[in-house]
Amino acid sequence: MFIDTARITLRAGRGGNGAVSFHREKYVAAGGPDGGDGGRGGHVYLVTDPGLSTLMDFRYRRRYEAADGQNGGTKACSGRGGADLTIRVPSGTLLRDAATGAIIHDMSAAEGPYLAARGGRGGWGNRHFATATRQCPRFAKAGLPGEERDIVLELKLLADVGLVGFPNAGKSTLLSVVSAARPKIAGYPFTTLTPNLGVVRVGEGSAFVVADIPGLIEGAASGAGLGHEFLRHVDRCRLLVHVVDVSGLEGRDPVEDFDAICAELRAYSPSLAARPQIVAANKCDLLRGGDGPLRALTERLAALDIPVFPISGATRSGVDALTAAVAARLPSLPPVTVYEDEYIPPPPDLGSPGEMTIRCEGRTWLVEGVWLARLLSNVNLSDYESRMYFDRMLRGAGLFHRLEAQGIAEGDIVSIYDCEFEYVR
Ligand SMILES: Nc1nc2c(ncn2[C@@H]2O[C@H](COP(=O)(O)OP(=O)(O)OP(=O)(O)O)[C@@H](O)[C@H]2O)c(=O)[nH]1
Ligand SMILES: [Mg+2]
């Protein structure tokens with residue numbers, strides 16, 4: 001089964017908790033804190049796999065979770081990090097944000113794994129919190145949650161050339177004579193239900209990829225025939241080869257057919273309609289009743305400055321001239337479209353800051369809460385801007401007012417998960 005869209009949920013692992021423990025050994029008096037750190041939660045990565053050609057696997061499995069980090073142990077043992085999860089997708093898969101449809105990433109270039117959901121940081125064990133004035137910290141920190149996101153995968157095949165045209169025009173036949181692909185061919189409309197790819201070799205070491213898609217009919221944009229959604233597979237193409245049946249045998253008029261397909265392309269996407277075209281005037285072997293329809297089409301295309309090649313997929317006549325023209329045209333055209341990342345993460349949904357708990361241990365103020373854990377897993381504390389944002393959020397939530405009301409003094413430590421700072425007024 002060919003599936004080209006799927007909606008899935010990714011959840012990165014949660015960081016493990018830090019441990020509270022103290023070194024105990026015969027004849028060693030005060031051993032000191034030795035609680036280990038929690039391990040990082042596993043990340044979720046996506047990689048392209050050239051052996052895959054559909055998103056079918058994602059039909060049956062919707063939720064992908066990386067492992068949680070393990071909790072820290074005694075004797076300064078860190079918890080093991082949660083194993084990362086790597087998801088394989090066909091090349092040409094777009095990742096979109098499920099809520100907005102914005103493109104998060106295009107998995108099309110030959111690139112390494114893409115980090116799609118980041119694992120939560122592990123909490124620190126109590127050994128990290130020992131200072132000259134705080135020799136026996138009886139606290140450790142909880143791990144932070146991993147990122148969770150709903151995404152839509154959309155496969156857009158990677159091909160240099162897309163074949164478009166009415167059903168039965170001979171698109172699959174053309175693909176079968178120019179490449180080693182063996183698509184289904186039959187004398188009835190809508191033979192092709194899913195796209196086919198073929199590689200056309202031209203001379204030594206040079207080749208281009210052609211995509212054959214289902215036929216379009218008038219009104220496809222509003223759902224007629226098979227609709228027009230499969231045009232997504234020629235959306236990246238550099239050039240369209242528009243196959244028109246010029247035999248006139250089925251009572252069709254090639255000029256009307258050509259215009260109808262162009263109208264459907266425009267309805268799908270103006271940028272696709274503006275893509276350079278070469279017309280393959282097919283089924284010329286059947287032009288026994290005169291070449292009136294072919295001449296009419298040639299005149300129409302001359303006015304539009306679109307090259308036309310009379311061919312016969314059945315007898316192969318004219319096909320080499322067509323592929324030579326395509327091969328000659330491609331080098332002057334932009335490369336296959338790769339989509340820019342356009343997704344801008346919205347401010348994280350942190351819930352309400354109400355449920356913060358404050359506990360005082362000596363001169364350390366331990367602050368915890370679901371809201372804070374979420375906030376912290378969304379800030380990178382080594383970045384100045386993010387630290388400023390974090391500070392504004394704490395202030396806005398009234399944390400400092402509450403600490404002052406409970407008697408915090410200048411120089412005390414505020415400790416929030418894996419973040420500690422000195423309190424200054
Ligand atoms: N006589 C003749 N018949 C052709 C030629 N090209 C294709 N055909 C026939 O036309 C019919 C349709 O061909 P296909 O290649 O399946 O057409 P298609 O455009 O892929 O059709 P869909 O997949 O339904 O969109 C088949 O019976 C082919 O054998 C040609 O050049 N000459
Ligand atoms: Mg076909």
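These numbers come from a predicted model, not from an experiment.

Our focus in this paragraph is the coordination of the magnesium ion (ligand 2). For the magnesium ion (ligand 2), the full set of protein donor atoms is Ser172 (OG) and Thr192 (OG1), and the range of their distances to it is 1.9 to 2.1 Å. Separated by 20 residues along the polypeptide, Ser172 in helix H2 (residues 171–178) and Thr192 in the loop between H2 and strand E10 (196–201) bring together distant segments of the chain. The exposure class assigned to Thr192 is buried, which follows from its relative accessible area of 9%.

Here the focus is the pattern of salt bridges. Counted according to the given criterion, the structure contains 20 salt bridges. Between Arg63 and Glu148 there is a salt bridge, and its shortest N-O distance comes to 3.5 Å. Pair noted here: Arg63 is in strand E3 (residues 63–65) and Glu148 is in strand E8 (residues 148–155), with a separation of 85 residues, a long-range link. Arg63 gets classed as partly exposed once you look at its relative accessible area, which sits at 39%. Across the pair Asp391 and Arg395 runs a salt bridge whose closest N-O atoms are separated by 3.3 Å. You can see Asp391 and its partner Arg395 sitting in helix H8 (residues 384–396), four residues apart, about one turn around the helix. The exposure class of Asp391 is partly exposed, given its relative accessible area of 27%. What you see here is one network of salt bridges that share partners, running through Asp4, Arg96, Glu154, Glu229 and Arg232.

The next subject is the environment of Leu52. Mapped onto the elements, Leu52 comes out in the loop between strand E2 (44–48) and helix H1 (57–60). Between the C-alpha atom of Leu52 and that of Ser91, which follows or precedes it by 39 residues, the distance is 7.7 Å. Apart from residues lying up to four places away in sequence, Leu52 is in contact with Arg88, Val89 and Pro90.

To continue, consider the state of the cysteines. Simply put, disulfide is the name for a covalent bond between the sulfur atoms of two cysteines. This structure, assessed with the given rule, holds zero disulfides. We note that Cys262 lacks a disulfide partner, and the nearest cysteine sulfur, in Cys237, lies 15 Å from it. Judged by its relative accessible area of 13%, Cys262 falls in the buried class. No disulfide involves Cys419; its nearest neighbouring cysteine sulfur is the one of Cys360, lying 17 Å away. When its relative accessible area of 9% is taken as the criterion, Cys419 is described as buried.

As far as domains go, the protein holds domain 1 (1–156), domain 2 (161–332) and domain 3 (351–425). Centre-to-centre separation of domain 1 and domain 3, based on C-alpha positions: 24 Å. Every contact between the two is made by nine residues of domain 1 and, on the other side, 15 residues of domain 3. Across the domain 1/domain 3 interface, buried area totals approximately 1,100 Å², and carbon plus sulfur atoms make up 53% of it. Its largest share of buried area at the contact with domain 3, domain 1 owes to Arg121, Lys141 and Leu144, together 43% of the area lost on that side. Where domain 1 packs against domain 3, one counts zero salt bridges. Here domain 1 and domain 3 share three residue pairs in polar contact (both at pLDDT 80 or more) between them.

Definitions and cut-offs
- Residues numbered from 1 in each chain as written.
- Chains lettered and ligands numbered in written order.
- Predicted model: local features only at pLDDT ≥ 70, side-chain atom pairs only at ≥ 80, totals over all residues.
- Heavy atoms only, no water.
- Donors = N, O, S within 2.8 Å, 3.2 Å for Na, K, Ca; no water.
- Helix = DSSP H or I, 4+ residues; strand = E, 2+ residues; numbered from the N terminus.
- Buried < 20%, exposed > 50% of the residue type's maximum accessible area, 1.4 Å probe, protein only.
- Salt bridge = Lys/Arg side-chain N within 4 Å of Asp/Glu carboxyl O.
- Contact = heavy atoms within 4.5 Å.
- Disulfide = S-S within 2.5 Å.
- Domains from an automatic or database assignment.
- Buried area = accessible area lost by both parts, 1.4 Å probe.
- Polar contact = N/O pair within 3.5 Å; in protein donor to acceptor, adjacent residues only side chain to side chain.

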